[in-house]
Amino acid sequence: YVVLIESDLKYFLLVITATVLGLLSNPMFIAMLCIDVFRLEALRRVMQAVSTNLGTLSITLFGFFVMIFIFTVIGFHGFPELYVDRRGDPYCSSLWHCVVFTVSEGMRAGGGIGDLLQSPEVYLTEDGGGGSGSYDEGGLSMYIQGRLFQLVFWLLMVVIGLNIIAGIIIDQFASLRAQQEARAGRENNFCIVCGLDRNELDRRGAGFEKHKLFEHD
């Protein structure tokens, strides 16, 4: 059992499986052999930073997608006139389609979903009785609501949401660095076998370095 759960064994089984599938089924599986680069120490630390906080990251992503779903429902039912391209064709025909569109397109736009949707100015219609530059109250209200919808989406999802996710990963990098520095400090100043520190060994014996090399190597 111990042999079966060894990480090296699982890695080589994955490599063999990908090779066999690539040769017999689809060459696409050959690309999986490139995962060998993740055995490099620097990339392993990157993967560790992501996987160590996987629970917190997963919960945050779940909350993130719940917020996207809420915004999509509001946009789909409240501002359907905005979900059309410049030719007038709708971006999505169903709520589920709009969710996929918001995740795949809206989150990649620098200004959020507002960069892709029609301008809320489509709601503005001049009020014939109010003179030039006077707009219908209902259209003006929808215009303001549409602008707020796009602004709040950008602020919460793009500016705050994505930075929270990045912050979780960056904090884990800092935590791993602190652990490595603490471990290096213990190894450079304490004998992990007898527990004596560098100063004690330098005063009583032949010195810390010789003690580590020859007595408790």
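Residues numbered from 1 in each chain as written. Predicted model: local features only at pLDDT ≥ 70, side-chain atom pairs only at ≥ 80, totals over all residues. Heavy atoms only, no water.

S.K.: For this particular structure, what's the right way to read the overall build of the chain?
M.R.: A count of helices and strands for the chain gives 7 helices and 0 strands. A total of 217 residues make up the chain; the buried ones form 21% of that total. Element-wise, carbon and sulfur atoms account for 63% of the exposed surface of the chain, whose accessible area totals about 14,600 Å². (Helix = DSSP H or I, 4+ residues; strand = E, 2+ residues; numbered from the N terminus. Buried < 20%, exposed > 50% of the residue type's maximum accessible area, 1.4 Å probe, protein only. Areas by Shrake-Rupley, 256 points an atom, 1.4 Å probe, with all protein chains shown as cover.)

S.K.: What am I meant to see in the state of the cysteines here?
M.R.: Here, the word disulfide means a covalent bond between the sulfur atoms of two cysteines. For the structure shown, the criterion picks out 1 disulfide. With a sulfur-sulfur separation of 1.8 Å, Cys92 is cross-linked through a disulfide to Cys98. Since a negative S-S torsion denotes a left-handed disulfide, the Cys92-Cys98 link at about 50° is right-handed. You'll find Cys92 and Cys98 in the same group, each marked buried. (Disulfide = S-S within 2.5 Å.)

S.K.: Hey, could you run me through the pattern of salt bridges in this one?
M.R.: Should the charged atoms of two oppositely charged side chains come close, the side chains can pair. Per the stated rule, a full pass over the model turns up 4 salt bridges. Linking Arg108 and Glu105 is a salt bridge whose minimum nitrogen-to-oxygen distance equals 3.2 Å. Through salt bridges with shared partners, one network takes in Asp85, Arg87 and Asp89. (Salt bridge = Lys/Arg side-chain N within 4 Å of Asp/Glu carboxyl O.)

S.K.: It is not clear to me how the environment of Leu54 should be interpreted in this structure. Could you clarify?
M.R.: Note on placement: Leu54 falls in helix α3 (residues 54-78). Its relative accessible area of 46% is what places Leu54 among the partly exposed residues. Expressed as a C-alpha distance, the spacing of Leu54 and Ile169, which sit 115 residues apart in the sequence, is 9.5 Å.

S.K.: Honestly, the side chain of Gln172 in this entry has me stumped. Any pointers?
M.R.: Among the structural elements, Gln172 can be located in helix α5 (residues 137-189). Its relative accessible area of 8% is what places Gln172 among the buried residues.

S.K.: Sorry if this is basic, but what is going on with the environment of Phe149 here?
M.R.: As for its position among the elements, Phe149 is in helix α5. Judged by relative accessible area, Phe149 falls into the buried class, the value being 6%. In this structure the C-alpha to C-alpha distance between Phe149 and Ile113, which are 36 residues apart in sequence, comes to 9.5 Å. Not counting chain neighbours up to four residues away, the residues in contact with Phe149 comprise Phe71, Ile74, Gly75, Phe79, Tyr83, Ile113 and Leu117. (Contact = heavy atoms within 4.5 Å.)

S.K.: Where do I start with the packing of α3 against helix α4 (residues 95-106) in this structure?
M.R.: Any two packed helices are characterised by the angle at which their axes cross and by the distance between the axes. Where α3 meets α4, the closest approach of the two axes is 9 Å, and the angle between their N-to-C directions is 125°. It follows from the interaxial angle that α3 and α4 lie oblique. Along this stretch, α3 crosses α4, giving a crossing that reads as right-handed. Residue-level contacts link Phe65, Ile68, Phe69, Thr72, Val73 and Phe76 of α3 to Leu95, Cys98, Val99, Thr102 and Val103 of α4. (Axes fitted to C-alpha atoms, helices over the stretch in contact; angles between N-to-C directions. Parallel < 35°, antiparallel > 145°, perpendicular 65-115°, else oblique. Left-handed = near helix turned anticlockwise from the far one by under 90°.)

S.K.: Please clarify how the side chain of Thr102 should be interpreted in this entry.
M.R.: Take Thr102: it is sitting in helix α4. From its side chain, Thr102 meets the backbone oxygen of Cys98 in a polar contact 2.7 Å long. (Polar contact = N/O pair within 3.5 Å; in protein donor to acceptor, adjacent residues only side chain to side chain.)

S.K.: What is the right way to read the packing of aromatic side chains from this model?
M.R.: The geometry of an aromatic ring pair is captured by the separation of the ring centres together with the interplanar angle, meaning the angle of the planes. Scanning the entire structure with this criterion turns up 5 aromatic pairs. Measuring from centroid to centroid gives 6.1 Å for Phe64 and Phe65, while their planes differ by 80°, and the two rings are edge-to-face. On the basis of relative accessibility, which here comes to 9%, the residue Phe64 falls in the buried class. Look at Phe65 and you get partly exposed, because its relative accessible area is 43%. Both rings, one in Phe71 and one in Phe149, keep their centres 6.0 Å apart while their planes meet at 55°; by these two values the pair is tilted. In this pair, Phe71 sits in helix α3 while Phe149 sits in helix α5, placing the two residues 78 residues apart along the sequence. Both residues of the pair, Phe71 and Phe149, count as buried. (Phe/Tyr/Trp six-rings, centres within 6.5 Å; stacked < 30°, edge-to-face > 60°.)

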